[in-house]
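# Survey of secondary and tertiary structure
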Amino acid sequence: MIRILVSPAIIDLSVEMDRIEAGHSAGAIATFTGLVRADAKAEGKVETLELEHYPGATEAALHALAGEAEARWSLSGATIVHRVGMMAPGDRIVFVGTAAAHRGAALDACAFLIDRLKTDAPFWKRETSGGEARWVEARASDDRAAERWRDA
Amino acid sequence: MIRILVSPAIIDLSVEMDRIEAGHSAGAIATFTGLVRADAKAEGKVETLELEHYPGATEAALHALAGEAEARWSLSGATIVHRVGMMAPGDRIVFVGTAAAHRGAALDACAFLIDRLKTDAPFWKRETSGGEARWVEARASDDRAAERWRDA
Amino acid sequence: MRVLYFAWVRERIGTSEEVVDPPAGVETVADLIGWLAGRSDGHGLALAAPDRLRAALDQAFVPLDTPLGDASEVAIFPPVTGG
Amino acid sequence: MRVLYFAWVRERIGTSEEVVDPPAGVETVADLIGWLAGRSDGHGLALAAPDRLRAALDQAFVPLDTPLGDASEVAIFPPVTGG
């Protein structure tokens, strides 16, 4: 059971946790939640984070990733919820949940989804700090994290 | 911030998720939830699962593991909640949550805690199926999963 | 052919979408980027460094040397930064 | 010395806890298990196969060849199966 949601609404963890637990006899559920950090920058603390996406293509990319994980780890459930639009420090940006019979599959699939989402789904972050907006640069470490799932 | 709870009460995910998110500026939260599976056995489906523990020693072992994870991955939060007593299929047995600045630390620490909890904390499972109770056997795969965290 | 722009590419060009009719000889995504760069100062600024750009053809990520083929939608954007 | 039993060890012995005073010569956890095995049929049944047993001294897991030293609490139990 795949669930993909890209929305400006606040991510409701209790709804997502209930959904990933419900309706199947999984023994193991792994989740990852990404939050907006109030990192201290040269310009000051991050005040807002804005997420732009490519409607249609983003959902398709997330569906493809969830489908790949579901097949590779025999998941009984895979959820990806990603917020878009304007956010503040502490807000949830992304929630990934995986359900499987055993913990290794759930944990690996969860790490796979968040690593690959960072490189394979069309989202762009713009931070504001000290009143100045700037587009966040992609990181080589994210490319390497995504790459390790391609060897196997 | 370490939170350890060993209790016969139902594990409340919304309370635990709120706690692990609150009070620190983490960017990444990973969780693992273990559920009682209604596995089909030769004797029939699992009807109940009973968890016995070693009061005092169990909490101390979980504290030690959480402290080791907190130091090794610079966690801002580590939660381990383990249920004891009588459970039914679908019930949550264990919840592990980790909070860190970055996802790699949160995900690795979460996997570490559940892997090591399986071999390092004194709990014993007794299943009932087809009206017959039997003690669950330890698995060599759990020893191997715990062992991989000792190399590094 | 519909061309979509995202993030700072969109901001520099000043539009999120336009319909273009590239001439013969524009065969790959990289060719299209080179041709689009001449349309305005904003296009030139946005598209001057193709190594900083990524693209999708009909909503699927592709390398810049990919032939346009009969794609009806091309998207040009910086490396993605979601999650 | 307080001895605690858990899971099927506890069930076979028929008690979760007892206070014992082992004789000289009982120096390690394994020695203690061997000596306890003679206390009753239940003890014998529970403790017959030390390779299936694990132990803790004063609440810390230890290998069975560990000297008892001045531990005041010894626990004997099957391999753990939590999580």
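One can find the structure itself at the top, above this paragraph.
Residues numbered from 1 in each chain as written. Chains lettered and ligands numbered in written order. Predicted model: local features only at pLDDT ≥ 70, side-chain atom pairs only at ≥ 80, totals over all residues. Heavy atoms only, no water.

### Observations concerning the overall build of chain C
- What chain C contains, in helices and strands, is three helices and five strands.
- Reading chain C from its N terminus to its C terminus gives the helix and strand order β-α-β-α-α-β-β-β.
- Compactness check: chain C gives a C-alpha radius of gyration of 12 Å against a globular reference of 12 Å for 83 residues, within 12% of the reference.
- Taking the principal axes of the C-alpha coordinates as reference, chain C spans close to 35 × 30 × 20 Å.
- By the burial criterion, 47% of the 83 residues in chain C qualify as buried. (Helix = DSSP H or I, 4+ residues; strand = E, 2+ residues; numbered from the N terminus. Rg over C-alpha atoms; globule rule 2.2 N^0.38 Å. Buried < 20%, exposed > 50% of the residue type's maximum accessible area, 1.4 Å probe, protein only.)

### A word on the relation of the copies chain B and chain A
- Note on the identical chains: chain B maps onto chain A by a rotation of 180° and an axial translation of 0.0 Å, with an RMSD of 0.0 Å. Within this description, the copies of the chain are treated as partners about a two-fold rotation axis. Relative to the rotation axis, the closest C-alpha in chain B is found at T31 of chain B, a distance of 2.5 Å.
- The overlap is high: 100% of the interface residues of chain B also sit at the interface in chain A, so the same surface is used on both sides. (Least-squares fit on C-alpha atoms with pLDDT ≥ 70 in both. Contact = heavy atoms within 4.5 Å.)

### Some remarks on the arrangement of the chains
- Among three pairs of chains with at least one contact, chains A and B form the most extensive contact set.
- Here chain B and chain C are not in contact; the least distance found between their C-alpha atoms is 10 Å.
- No interface is formed between chain C and chain D, the nearest pair of C-alpha atoms being 29 Å apart.

### Here's the deal with the interface of chain B and chain D
- At the junction of the two partners, chain B supplies 24 residues and chain D supplies 19 residues.
- Regarding the contact of chain B and chain D, the summed buried area is about 1700 Å², with carbon and sulfur atoms giving 56% of it.
- Its largest share of buried area at the contact with chain D, chain B owes to Y54, W124 and W135 of chain B, together 39% of the area lost on that side.
- Linking chain B with chain D are three salt bridges, by the criterion used here.
- In this structure, E11 of chain D engages R126 of chain B in a salt bridge whose closest nitrogen and oxygen atoms are separated by 2.1 Å.
- The tally of links from chain B across to chain D stands at 11 residue pairs in polar contact (both at pLDDT 80 or more).
- Contributing elements (two or more residues each) for the side of chain B that touches chain D: β4 (44-53), β7 (92-100), α3 (103-120) and β8 (123-129) of chain B. (Buried area = accessible area lost by both parts, 1.4 Å probe. Salt bridge = Lys/Arg side-chain N within 4 Å of Asp/Glu carboxyl O. Polar contact = N/O pair within 3.5 Å; in protein donor to acceptor, adjacent residues only side chain to side chain.)

### Topic: the pairing of strand β5 (residues 73-77) of chain C
Residues and elements named next belong to chain C.
- With five of its five residues buried, β5 lies for the most part within the structure.
- Going residue by residue along β5, you find E73, A75 and F77 tucked away on one face and V74 and I76 tucked away on the opposite face as well.
- As paired elements, strand β1 (residues 2-5) and β5 share four bridges and run parallel to each other. Looking across to β5, one finds that V3 is bridged to V74.
- As paired elements, strand β3 (residues 54-57) and β5 share four bridges and run antiparallel to each other. (Pairing = 2+ DSSP bridges.)

### A word on the environment of H82 of chain B
- By secondary structure assignment, the location of H82 of chain B is in strand β5 (residues 77-83).
- Those residues within four positions of H82 of chain B in sequence are excluded, and the remaining contacts are L5, V6, S7, L51, I93, V94, L117 and F123 of chain B together with G82 and G83 of chain D.
- Only 2.9 Å separates the side chain of H82 of chain B from the backbone nitrogen of G83 of chain D, close enough to count as a polar contact.

### What to know about the packing of aromatic side chains
- Tallying each qualifying case throughout the model produces 16 aromatic pairs over all chains.
- When the centroid spacing of 5.6 Å and the interplanar angle of 85° are considered together, the rings of W73 of chain B and W149 of chain B count as edge-to-face. In this pair, W73 of chain B sits in the loop between α2 (57-72) and β5 while W149 of chain B sits in the segment after α4 (140-147), placing the two residues 76 residues apart along the sequence. In this pair, the class of W73 of chain B matches that of W149 of chain B, namely buried.
- Arranged with centres 5.7 Å apart and planes meeting at 85°, the rings of F112 of chain B and W149 of chain B form a pair that is edge-to-face. Taken together, the residues span a long stretch of sequence, with F112 of chain B in helix α3 and W149 of chain B in the segment after α4 at a distance of 37 residues. There is no split in this pair, since F112 of chain B and W149 of chain B are both buried.
- Chaining the aromatic ring pairs together yields one cluster made of Y54 and W124 of chain A together with F6, F61 and F77 of chain C. (Phe/Tyr/Trp six-rings, centres within 6.5 Å; stacked < 30°, edge-to-face > 60°.)

### Digging into the pattern of salt bridges
All names here are of chain A.
- The full count for this structure, using the stated rule, is 38 salt bridges over all chains.
- A salt bridge links R116 to E68; its shortest N-O distance comes to 3.4 Å. Highlighted residues: R116 in helix α3 (residues 103-120) and E68 in helix α2 (residues 57-73), separated in sequence by 48 residues.
- Here R134 and E127 are joined by a salt bridge, their closest N and O atoms 3.2 Å apart.

### Description of the sheet that holds β5 of chain C
Residue and element names in this part refer to chain C.
- Taken in spatial order, the five strands of this open sheet run β2-β1-β5-β3-β4, and their pairing is mixed. Pairing within the sheet leaves two strands with one partner each, and these edge strands are β2 (17-19) and β4 (60-62). For this sheet, the mean angle separating the axes of adjacent strands, direction not counted, is 25°. (Axes fitted to C-alpha atoms, helices over the stretch in contact; angles between N-to-C directions.)

### Concerning the interface of chain B and chain A
- Each side of the interface is counted separately: chain B has 28 residues, and chain A has 28 residues.
- Summed over both sides, the interface between chain B and chain A buries roughly 2500 Å², with carbon and sulfur atoms accounting for 53% of that surface.
- On the chain B side of the contact with chain A, E21, R37 and R103 of chain B bury the most area, a combined 26% of that side's loss.
- For the pair chain B and chain A, the number of links is six salt bridges.

### A few points about helix α1 (residues 13-21) of chain B
- Inspection of α1 of chain B places L13, E16, M17, I20 and E21 of chain B among the buried residues, and these make up the whole buried set. Buried residues of α1 of chain B, seen end-on, are gathered within an arc of 130° and therefore sit on one face of the element. (Arc of directions from axis to C-beta.)

### Thoughts on helix α2 (residues 29-36) of chain D
Residues and elements named next belong to chain D.
- Three or more residues of α2 are buried, namely V29, L32, I33 and L36. Burial along α2 is one-sided: seen end-on, the buried residues are contained in an arc of 100°.
- Contacts made by the buried residues of α2 are with β1 (2-5), β2 (17-19), α3 (41-47), β3 (54-57), β4 (60-62) and β5 (73-77).
- Its side-chain oxygen placed 3.3 Å from the backbone nitrogen of A30, T28 serves as the N-cap of α2.

Note that every value here comes from positions in space, so none of it alone points to a role or purpose.
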